[in-house]
Amino acid sequence: MQQLAESVLATLPEQFRVQMDEIVMQVEDFATPEQLASVELTDKWELTGLYEGEALPDRSVWQSHRMPARIWLFREPLIAEWRETGVRMDDLVRHVVIHEAGHHFGFSDDDMHALEDDAD
């Protein structure tokens with residue numbers, strides 16, 4: 001899953017890739033209770049990915065020494081979604097990574113859902 005996620009980043013257009021070079025990709029079985037609470041969820045099976053960090057539009061050149069942004073993928077919920085939907089795992093991972101990368105660029109969940117709906 002880690003390799004799938006990193007390959008998604010490697011295939012992004014260069015203008016996006018260079019702005020994501022500091023992002024750490026991390027795969028865990030489930031989100032922590034704190035991560036779930038940060039997105040107002042309680043069921044560990046509901047969260048397949050999470051962006052943690054400060055979005056690019058919110059950053060200041062005067063800030064330094066911040067932790068790198070992270071995109072988390074949660075293995076067990078992704079596997080459950082794969083089994084439930086039959087969508088290919090590489091497509092699921094790509095969708096989640098791109099969605100979480102959108103947060104890095106300052107898009108809200110509503111913004112990204114609207115873009116996805118327009119693309120369909």
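As the structure is a prediction and not an experimental result, all values here were calculated from the model. (Residues numbered from 1 in each chain as written. Predicted model: local features only at pLDDT ≥ 70, side-chain atom pairs only at ≥ 80, totals over all residues. Heavy atoms only, no water.)

Structural notes on the overall build of the protein chain
Note the following rule: Secondary structure elements are taken from DSSP: a helix is a run of H or I of four residues or more, a strand is a run of E of two residues or more, and numbering for both begins at the N terminus. The contact criterion used throughout is that any non-hydrogen atoms of two residues lie within 4.5 Å. Note on areas: Shrake-Rupley with a 1.4 Å probe; residue coverage comes only from the protein chains shown.
The helix and strand tally for the protein chain stands at 6 helices and 3 strands. What you see in the protein chain, going N to C, is helices and strands ordered as α-α-β-α-β-β-α-α-α. At a minimum sequence separation of 6, the contacts of the protein chain that also span at least 24 residues come to 64%. Accessible surface, the protein chain as shown: approximately 7700 Å² in total, 51% of it carbon and sulfur.

Regarding the packing of aromatic side chains
Inclusion rule: We call Phe, Tyr and Trp rings a pair once their centres come within 6.5 Å, taking the six-membered ring for Trp, and we label the pair stacked below 30 degrees between planes, edge-to-face above 60, and tilted otherwise. Buried residues are those whose accessible area, probed at 1.4 Å on protein chains only, stays under 20% of the maximum for their type, while exposed residues exceed 50% and partly exposed ones sit between those limits. Should the NZ of a Lys or the CZ of an Arg lie within 6 Å of a ring centre and within 35 degrees of the ring normal, that charge is described as sitting over the ring.
Considering all chains together, one arrives at 3 aromatic pairs under this definition. Ring geometry for Phe30 and Trp45: centres 4.8 Å apart, planes at 80 degrees, overall edge-to-face. Here the residue Phe30 occupies a position in the loop between strand 1 (24–28) and helix 3 (33–38), and Trp45 occupies one in the loop between helix 3 and strand 2 (49–52), the gap between them amounting to 15 residues. Residue classification places Trp45 among the partly exposed residues on the basis of a relative accessible area of 43%. A cation sits over an aromatic face here: Lys44 above Phe30, 4.3 Å from the ring centre.

So, helix 5 (residues 89–104)
Given 3.6 residues per helical turn, the α-helix brings residues three or four places apart onto the same face. Using the following cut-off: Under the convention used throughout, the expected extent of a helix is 1.5 Å for every residue step, that is, one less than its residue count.
Over its 16 residues, helix 5 runs 23 Å from end to end, which matches the ideal 22 Å to within 8%, given 1.5 Å per residue. Listing the buried residues of helix 5 in full gives Met89, Leu92, Val93, Val96, Val97, His99, Glu100, Ala101, Gly102, His103 and His104. Following helix 5 by one or two positions, Gly106 adopts a phi angle in the positive range, close to 95 degrees.

Remember that the coordinates give geometry; whether it matters functionally is a separate question.
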